[in-house]
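Fold and geometry: a report
As a plain string of letters, each chain reads:
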Amino acid sequence: MPWREMDGVRPKAFNAQRINETTADLQSSYSRHSTPYRQIVGGIVDDINQRNRGVLTKIDIAELRDQMGHLLYFSIKHLPLPVPYDVEYLPLLKSHFRNPTVIVMRRIRRLLMAPHRRILTKLEEEQARERHLSFHNLDVSRRMRSGIEEMQRYQSMSKLTKSVSRKLDILTKALHVPAQFHAEFKVFLQMIDDPHHLRHQEAVKWVAGSPFQGNLKVLRKVIEDGLHLLDGKSNEIFDEMERLSGMSLNRNMDALEVHANWFALGASQKRGEDFVTLFSNEEQVERKLKRTTWFMVRAVWDADAFRGLIDSLFPSQRELQENLGKLAAIYFDIEEKIRTITRPDGEPNQAIDNDATLGTLSEKEAAEARAWLQTNKTQLQRLKLELFQILIDLKKKYPDLALPDAISAMVESEIGDQGDKPKDTTQPRLSILDLHQNFEQLQDRAQVSDGALLADWLALRKKILQRLAMFGDTLMHRQLRADCSDFGEYERKLLDFAAAESRLEELRMNCEEQLITCYRDMSYQGVEETVLQEALDLIMDRNLMQLKKLDYSVLDADHYADMVDRALQFAPEECMYQLDQLLHEMHSLPRQEQLIHALSDWESQLKKKEYEAKQAFIFENEQRLQKIVDDLRAELRERIEDVPVRPARLRFEIFSLSDCFAGNLRTLLRALLRSAPLVTSQQEGERLIDNIQSIESQVIEAQRLTRKGGESQDRLRELSRAGLLPKVIIEELKKDMVGNFDDLNTLLGEVNEGLKEVRQLQNRFGGHFETSQFKVTINIDDLERLKGIYSFVENITLMDVKRFGVVYQHKNQLMDDLYERAYNKAPEVPPNIVKQINRRAYKKYKDDKRVPMDLKIDMLRDVPEILESETELLVRTLNFVSMQQIREKALYKGILHMMSAVKKADRERLRVLRRIWMYYRKRLQQFKPRNFIKNYDTNVRCLITDVQELVGDRLEDLR
């Protein structure tokens, strides 16, 4: 972490009147690892830490969200411009700036680059330690002695085993002890030093009443000496590990993570912190954990509130497409509310149960609340039909308006059918007898749980959910309403439906109970991963329902430790599958930050001691869960050689490369694209674009780690030389990485197709987005090649290079296409260009990709897309190429060579060159770079000056 290297750096005083210069220096003038860069950051740190609480007004994290760089921007009262700050130095800030930043970053966690996600995780760990740290009976010296004793215990344990890899596992656990102590006492000292910290007064009061009698100097000396003793013990362990392994290890104890292992090929992640888990369920888990009360249900599920929202949008003649999208979004929301409002295990009923348990609702009030749910469901169903008719009327009146794909076909079919076909007057009948029979048949097979039975239970559950969806089908209800003389008759029919629906919900819950029992009792060997994942998703939903009610028994570490012990009793092959599935399940459990955030909603309802006890359980249980996960990985690594069939996914998981596995990332992408039919506006499409690009960024990061010569390959070679892994596993891992790299290339193409699909969807909603660039796929090798050819600024990100590469490839693709069409004498190509691209010119271009100057000028004059692509590439080049190297670049030289023709050009040629140059200048002035502003401005001035020196007054003569 760069912030750990600030010791001994003399800060450069921050000048609030020269913020623009500071921003430019941080963006491109210096390397992020250089002393001048750290001096600038140090000056900003000193300035911010001296400011009072309450001066922070806004935090701009757009650059981090878009993966354009490493800076965020603090808007501070009485300062003219936002103050730039490097995100990786956040731990140096005091809590009044650091904590708000953590809250803001948490909202965009899935969109952050991998290093920034790790910083956020570190800060969240610190916050959890701050909450958990107890001053009651705190004895610093005794705490340090206990650490030494624990490390010695691990050393003794390592001597009792013969396996080198097992010894390394145990000794790694010993190293986690000082790592934990460094983190713990760093937090403790922050409380004392930070006057803005919420527990500052508590910490100062403890120091005053402690044996140190308020003497902070002595306290710091005791802590420093204790950590020094722990580090000395760590060096003994490092010596032993290096002797056993023959490898050189990083001995920076302050940087060692408490969940790291010696055999990781990628970045060691905490439980649940891998990209796949974060991306797939981060928002969903937080939403499901959040406390819901009856009064919140009344506000959010109320049909009258929806009606008022609809009335505020319709019939508005302004922004019809935007309002139509909002109406469609309301339609989907109502549809979801109807689906869940009366479910026995749905959020509204859970809220009523919780409030009744807490005593905020009496029995009578709870009964009235449940009756309201059924009544409101009827009103929602009525409103849904009215809204559907509104959408039909709008589409008929304005045929060019676009509807989301998920509803468009229904609306179009209703418009097409009106007046064309006689109405079907038969009332719908929805029988559930066949589902009951199916349930009973599966129950008869329940004595033997296996993959086939689990798949059948899942199939039955899917049928039940489909049948439940039929109860809410819009077209069926339109027909039913049309057959009724008034709404009262329709309402009575809905009550009949409600009774059948209630029985079906009961069947669904019974089916799910049987399904979970089957999952727990069965062998996982030979079962498709999609089947196991579907069952696990259901278990996680049940767990979240319990956690929502503050029932933490479902994630108790002791429960999972017992499950691990049972799994270890199986035969080797079955044991592997059991442990693998357990590891997967434990990763899916909510993280401690999510649980603590959800618990805070209950703070006013719980007694202080009860609240603190639950907070302490969450923290301590997380430590034990993490230990079990670490042990599981080590156990799987030891046992994987004994299993004949070893899935690549499992190897990637064991060796901390799950974020790099193409199959996992592809699953995320496909899940995202399945939500595309529900997009109702350009803005929603843009959020989907951000998410897809985040996956793309992770794919490129995965390629960077696992490609030939990458960090993972280097680490694998080191483990191979040390003989710490079986040869068969090493060979398989090598093949895995090669095959996975190719699969990641394929996935990048799928990402581009997904981006193109969403952009086209946005264009249907009134957008004007270009999609031709998505024909170009850029992988890590292309990016590294571009970085080698172009001398980019020091702090450029991979995604910046990717954006440059897309423009570069798009321009080359257009040029290749133009040469092909001109060579084949396509009629749409201007004749003067066709004439110049003869066989010789065509072959020369294919050999060296060089275009003669006169032909290039004609292309820029007569082919608008060539001029546009050349200009876009020029803009990106001036933005990203270092100002020290810009004059050496071929594009820059090519423009100067072209403009040098002004001196001998006739009047007609002069007009062409002037028009091209004016177009360039206009675009250069219009472009507003997101980052590297100083670099761009300097390069633009350089180009304009060089061209001006070449052409003199010749272009002015045409005025």
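Residues numbered from 1 in each chain as written. Predicted model: local features only at pLDDT ≥ 70, side-chain atom pairs only at ≥ 80, totals over all residues. Heavy atoms only, no water.

Along the backbone of the protein chain there are 39 helices and three strands. Here the C-alpha radius of gyration of the protein chain, 32 Å, is about what a compact globule of 959 residues would show, namely 30 Å. Its C-alpha atoms give the protein chain principal-axis dimensions of roughly 95 × 90 × 65 Å. Every one of the 959 residues in the protein chain was classed for burial, and the buried ones make up 54%. Partitioning the contacts of the protein chain with sequence separation of at least 6, the portion at a separation of at least 24 is 74%. With the model as given, the accessible surface of the protein chain reaches about 44700 Å², and the carbon-plus-sulfur share is 49%. Side chains of the protein chain give 147 positive and 151 negative charges; the mean places of these two sets differ by 5 Å. (Helix = DSSP H or I, 4+ residues; strand = E, 2+ residues; numbered from the N terminus. Rg over C-alpha atoms; globule rule 2.2 N^0.38 Å. Buried < 20%, exposed > 50% of the residue type's maximum accessible area, 1.4 Å probe, protein only. Contact = heavy atoms within 4.5 Å. Areas by Shrake-Rupley, 256 points an atom, 1.4 Å probe, with all protein chains shown as cover. Lys, Arg positive; Asp, Glu negative; His and termini not counted. Charge placed at Lys NZ, Arg CZ, Asp CG, Glu CD.)

A separate point is unusual backbone geometry. Even without being a glycine, asparagine 137 presents a positive backbone phi close to 60°. Assignment of secondary structure puts asparagine 137 in the loop between helix 5 (114–132) and helix 6 (140–159). We note that glutamine 213 has phi near 50°; this positive angle belongs to a residue other than glycine. If you trace the backbone, glutamine 213 turns up in the loop between helix 8 (200–209) and helix 9 (216–245).

The next subject is the sheet that holds strand 1 (residues 56–60). If you walk across this open sheet you meet the three strands as 1-2-3, and the pairing is antiparallel. Looking at the sheet topology across the chains shown, the edges are occupied by strand 1 and strand 3 (83–86). Sheet twist, expressed as the mean angle between neighbouring strand axes with direction ignored, is 30°. Direction of pairing for strand 1 relative to strand 2 (residues 71–76): antiparallel, over a ladder of four bridges. Following the sheet pairing, aspartate 60 is matched in strand 2 by tyrosine 73. Against the sheet, helix 2 (residues 35–49) engages strand 2 and strand 3, with an angle of about 120° to strand 3. On top of the sheet, helix 4 (residues 95–107) reaches strand 1 and strand 2; it is set at about 40° to strand 1, its chief contact. (Pairing = 2+ DSSP bridges. Axes fitted to C-alpha atoms, helices over the stretch in contact; angles between N-to-C directions.)

Quick look at the pattern of salt bridges now. Considering all chains together, one arrives at 78 salt bridges under this definition. Two residues, arginine 666 and glutamate 750, come together in a salt bridge whose shortest N-O distance is 3.0 Å. One end of the pair, arginine 666, is in helix 27 (residues 662–674); the other, glutamate 750, is in helix 30 (residues 727–764), and 84 residues separate them in sequence. We classify glutamate 750 as partly exposed; its relative accessible area is 24%. Glutamate 718 is the salt-bridge partner of arginine 715, the closest N and O atoms lying 3.4 Å from each other. (Salt bridge = Lys/Arg side-chain N within 4 Å of Asp/Glu carboxyl O.)

What follows concerns the side chain of asparagine 691. In this fold, asparagine 691 is placed in helix 28 (residues 682–706). Once residues within four sequence positions are removed from consideration, asparagine 691 is found in contact with Arg110, Leu111, Phe279 and Leu672.

Time to look at the packing of helix 38 (residues 907–926) against helix 39 (residues 933–951). Packing of helix 38 against helix 39 brings their axes to within 12 Å, and their N-to-C directions diverge by 160°. Put simply, helix 38 runs roughly antiparallel to helix 39. Helix 38 and helix 39 meet at a crossing whose hand is left-handed. For the pair helix 38 and helix 39, contact is made by Trp917, Arg921, Arg923 and Leu924 and by Tyr936, Val940, Leu943, Ile944 and Val947, respectively. In the contact of helix 38 with helix 39, the residues fall into seven nonpolar, no polar and two charged. (Parallel < 35°, antiparallel > 145°, perpendicular 65-115°, else oblique. Left-handed = near helix turned anticlockwise from the far one by under 90°. Nonpolar A, V, L, I, M, F, W, Y, C, P; charged D, E, K, R; others polar.)

Looking now at the UniProt feature "coiled-coil region" (unreviewed entry) in the protein chain. According to UniProt, the positions carrying the feature "coiled-coil region" (unreviewed entry) are residues 490–517. Spanning residues 490–517, this segment combines 100% helix with 0% strand, and its end C-alpha atoms are found 40 Å apart. (UniProt positions renumbered as here; feature names shortened; annotations may be inferred.)

Moving on: the state of the cysteines. Per the counting criterion, the structure on display carries zero disulfides. Cysteine 511 provides the cysteine sulfur closest to cysteine 518, a residue in no disulfide bond, and the two sulfurs are 10 Å apart. Look at cysteine 518 and you get buried, because its relative accessible area is 2%. (Disulfide = S-S within 2.5 Å.)

Of all hydrophobic cores here, the largest spans 220 residues; its most connected members are Phe188, Leu454 and Leu943. Ranked by residues supplied to this core, first place goes to helix 7 (residues 164–193) with 13 residues. (Core = buried A, V, L, I, M, F, W, Y, C linked by side-chain atoms within 4.5 Å.)

This next bit is on the environment of threonine 342. In this fold, threonine 342 is placed in the loop between helix 13 (320–340) and helix 14 (347–358). As for threonine 342 and proline 647, which are separated by 305 residues in sequence, their C-alpha atoms are 42 Å apart. With near-sequence residues (within four places) excluded, threonine 342 lies in contact with Asn349, Leu373, Gln374 and Lys377.

The next point concerns the side chain of asparagine 664. Tracing the backbone through its elements, the reader meets asparagine 664 in helix 27. Overall, asparagine 664 belongs to the buried group, its relative accessible area being 18%. Polar side-chain contacts of asparagine 664 include one of 3.3 Å to the backbone oxygen of serine 658. Filtering out sequence-adjacent residues up to four positions away, asparagine 664 remains in contact with Val276, Arg649 and Ser658. (Polar contact = N/O pair within 3.5 Å; in protein donor to acceptor, adjacent residues only side chain to side chain.)

Once that is clear, we can look at the packing of helix 11 (residues 294–301) against helix 15 (residues 363–397). Between helix 11 and helix 15, whose axes approach to 11 Å, the crossing angle comes to 10°. In terms of orientation, helix 11 lies roughly parallel with respect to helix 15. Residues Trp294, Val297, Arg298 and Trp301 of helix 11 pack against Ala369, Trp372, Leu373, Asn376 and Leu380 of helix 15. Residues that form the contact of helix 11 with helix 15 fall into these classes: seven nonpolar, one polar and one charged.

This paragraph deals with helix 6. Taking 1.5 Å per residue as the helical rise, helix 6 with its 20 residues ought to reach 28 Å, and the 30 Å between its terminal C-alpha atoms agrees with that figure. Every buried residue of helix 6 is listed here: Val140, Met144, Gly147, Ile148, Met151, Tyr154, Gln155 and Ser158. Down the axis of helix 6, the sector holding all buried residues measures 120°, keeping them to one side. Those residues of helix 6 that are exposed and aimed more than 90 degrees away from the buried face are Glu149 and Lys159. Buried positions along helix 6 lie against helix 7, helix 8, helix 9 and helix 25 (608–639). Regarding helix 6, its N-cap is aspartate 139, as a side-chain oxygen of that residue lies 3.2 Å from the backbone nitrogen of serine 141 further along. (Expected span 1.5 Å × (residues − 1). Arc of directions from axis to C-beta.)

Per the stated rule, a full pass over the model turns up 27 aromatic pairs. Seen from their ring centres, tyrosine 790 and tyrosine 808 are 6.0 Å apart, and the 80° between their planes marks the pair as edge-to-face. Of this pair, tyrosine 790 sits in the loop between helix 31 (780–789) and helix 32 (798–823) while tyrosine 808 sits in helix 32, and the two are 18 residues apart along the sequence. Judged by its relative accessible area of 9%, tyrosine 790 falls in the buried class. Ring centres of phenylalanine 927 and tyrosine 936 lie 5.3 Å apart, and the angle between their planes is 65°; on these two criteria the pair is classed as edge-to-face. According to the relative accessible area criterion, tyrosine 936 is buried, its value standing at 3%. By the ring-pair criterion, three or more aromatic residues cluster together here, those being Phe135, Phe181, Phe185, Phe188 and Trp206. (Phe/Tyr/Trp six-rings, centres within 6.5 Å; stacked < 30°, edge-to-face > 60°.)

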